[in-house]
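# Structural description and commentary
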Amino acid sequence: MIEFQFFLGCPNADTTLENLRVVMQELDIPESQLKISVVSDIDSARRLDFQGSPSILINRKDIYTGEEPTGFSYACRLYEFDGRQTGVIPKEFIRMKLAENKQDWVTGL
């Protein structure tokens, strides 16, 4: 299962979600494997161990850290790719991480 987590008003959520959907299509991962979660308040962030907006989880593991989230942050999230900070997770990174987990989509886990 892929989970996309964000809060409304996040300036990077739409682009990251679009990147995720494009890559899922390229890899023939069905849309049914995607859960979109709107994190509406601090209590929800705490309950979900939300790492910030936007976040992508693959089988409950954060796509960026590779770890199950602990703690929470109800803030915009920054990532570092190629020495640059950005709030958008690029397609290339998403493609690499989803491809690493391709077996999960084939077996339906």
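Refer to the structure presented above.
The rules behind the values
Residues numbered from 1 in each chain as written. Predicted model: local features only at pLDDT ≥ 70, side-chain atom pairs only at ≥ 80, totals over all residues. Heavy atoms only, no water. Buried < 20%, exposed > 50% of the residue type's maximum accessible area, 1.4 Å probe, protein only. Helix = DSSP H or I, 4+ residues; strand = E, 2+ residues; numbered from the N terminus. Arc of directions from axis to C-beta. Salt bridge = Lys/Arg side-chain N within 4 Å of Asp/Glu carboxyl O. Axes fitted to C-alpha atoms, helices over the stretch in contact; angles between N-to-C directions. Parallel < 35°, antiparallel > 145°, perpendicular 65-115°, else oblique. Left-handed = near helix turned anticlockwise from the far one by under 90°. Contact = heavy atoms within 4.5 Å. Nonpolar A, V, L, I, M, F, W, Y, C, P; charged D, E, K, R; others polar. Polar contact = N/O pair within 3.5 Å; in protein donor to acceptor, adjacent residues only side chain to side chain.

What follows deals with helix α3 (residues 91–100). All buried positions along α3 are accounted for by Phe93, Ile94 and Leu98. Considered in projection along α3, the buried side chains sweep an arc of 125° and stay on one side of the axis. Facing away from the buried side of α3, by more than 90 degrees, are the exposed residues Glu92 and Glu100.

We now examine the pattern of salt bridges. Counting across every chain of the model gives five salt bridges. We note a salt bridge from Glu31 to Arg21, for which the minimum N-O separation is 3.0 Å. Here the residue Glu31 occupies a position in the loop between α1 (13–26) and β2 (34–38), and Arg21 occupies one in helix α1, the gap between them amounting to 10 residues. Owing to a relative accessible area of 43%, Glu31 belongs among the partly exposed residues under this scheme. Asp62 is paired through a salt bridge with Arg77; the nearest N and O atoms lie 2.7 Å apart. With Asp62 in strand β4 (residues 61–62) and Arg77 in the loop between β4 and β5 (79–81), this residue pair connects regions lying 15 residues apart in the sequence. For the pair Asp62 and Arg77, one class covers both residues: buried.

Next up on the list: the packing of α1 against α3. Axis separation between α1 and α3 bottoms out at 9 Å; the angle between their running directions is 45°. Accordingly, the angle class assigned to the pair α1 and α3 is oblique. Here the hand of the crossing between α1 and α3 comes out right-handed. Together, Thr16, Asn19, Leu20, Val22, Val23, Met24 and Glu26 of α1 and Lys91, Ile94, Arg95 and Leu98 of α3 make up the contact between the two elements. When the residues that make up the contact of α1 with α3 are grouped by side-chain class, the tally is six nonpolar, two polar and three charged.

Turning our attention to the side chain of Gln5. Within the element layout of this structure, Gln5 appears in strand β1 (residues 2–6). Classification of Gln5 as buried rests on a relative accessible area of 2%. Within the structure, the side chain of Gln5 is placed 3.4 Å from the side chain of Glu3, a separation counted as a polar contact. Contact partners of Gln5, with chain neighbours within four places excluded, come to Ser37, Val39, Leu48, Phe50, Gly52, Pro54, Ser55 and Leu57.

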